Amino acid sequence: MAQHDSRLDRLGQLYDLYDAFMAKNDLVCHKGCASCCTCNVTLTSLELDYITASLGPEKGASLMERVENNLAEKRFQPQTTINGFARLCMEGREIPEEENDPAWGACPLLQDNICTIYPVRPFGCRSLVSQEDCSRVGAATLSPLVLTVNNLFMQYIEQMDCHGISGNLSDMILGASPDFRFTGLVTIDNQAAKGLMVPPEHREQVASLLQDMAGICNARRGQA
Ligand code: SF4
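An account of the accompanying structure is given in this report. It should be emphasised that the depicted structure is a prediction, and the values quoted were computed from it without experimental measurement.

### Observations regarding unusual backbone geometry
Then, number 1: Even without a glycine there, the phi angle at D112 is positive, about 50°.
Then, number 2: Residue classification places D112 among the exposed positions, given a relative accessible area of 71%.
Then, number 3: Even without glycine at this site, N113 takes up a positive phi of about 65°.
Then, number 4: With respect to the helices, strands and loops of the structure, N113 is situated in the loop between strand 2 (110-111) and strand 3 (114-115).
Then, number 5: Note on N113: relative accessible area 43%, which makes it partly exposed.

### Thoughts on the packing of aromatic side chains
Then, number 1: By the definition in use, this model includes four aromatic pairs.
Then, number 2: Ring centres of Y18 and F123 lie 4.6 Å apart, and the angle between their planes is 70°; on these two criteria the pair is classed as edge-to-face. With Y18 in helix 1 (residues 6-22) and F123 in helix 4 (residues 123-126), this pair connects stretches of sequence that are 105 residues apart.
Then, number 3: Residue classification places F123 among the buried positions, given a relative accessible area of 2%.
Then, number 4: An angle of 70° between the planes, with centres 5.1 Å apart, marks the rings of Y18 and F153 as edge-to-face. Taken as a pair, Y18 in helix 1 and F153 in helix 6 (residues 144-160) lie far apart in primary sequence, 135 residues in all.
Then, number 5: Among the aromatic residues, those joined into a cluster by ring pairs are Y18, F123 and F153.

The rules behind the values
- Residues numbered from 1 in each chain as written.
- Predicted model: local features only at pLDDT ≥ 70, side-chain atom pairs only at ≥ 80, totals over all residues.
- Heavy atoms only, no water.
- Buried < 20%, exposed > 50% of the residue type's maximum accessible area, 1.4 Å probe, protein only.
- Helix = DSSP H or I, 4+ residues; strand = E, 2+ residues; numbered from the N terminus.
- Phe/Tyr/Trp six-rings, centres within 6.5 Å; stacked < 30°, edge-to-face > 60°.

So this is what it looks like as structure tokens:
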């Protein structure tokens, strides 16, 4: 029997921790508002495992079918991960320019403006929230502190999956298919976090959250 991956439990705990933090923020997001659900969302291999393990094989297969039938020709295919980005910044190296346009299309997992995997959606989706109505102001608005917290969660999730890969949600789902007929898929290697991206003015405010995140991520196997 395959051994249970305790990182999946720890990922669930990180999601819960994030949800608890965000519950203290006034967000305008509500069911049926899906303007941020585009074909550009990304995730790590650990998050894809979390989705497939939670949904089971039958729903997992229908996920693949849904993506295959609604694949956006043009979609955001990242060249670097959040930890890769942090590393480049710390080393003073050039950051690759990345194109990302919501007009490229809707997320293939969106149906009638409702996410078909909402309870197990990846962090990239969880962090797509707004403190003002996006349709009125033209884009999601978040406080600088929430942006810092989002980056930290992304860094920790990648750190937990530092031997895995990341990519566009469609590329990752199709790439996990046992048949190799899909072309043009792009995935990138995850990296360990060389340093955490916390601006000095937020250090105090995120200190206890950081402690909780580290406690979850560093829990030994079997303690999850
Ligand atoms: S996975 Fe769900 S929440 Fe994420 S972009 Fe797609 S429809 Fe939206």
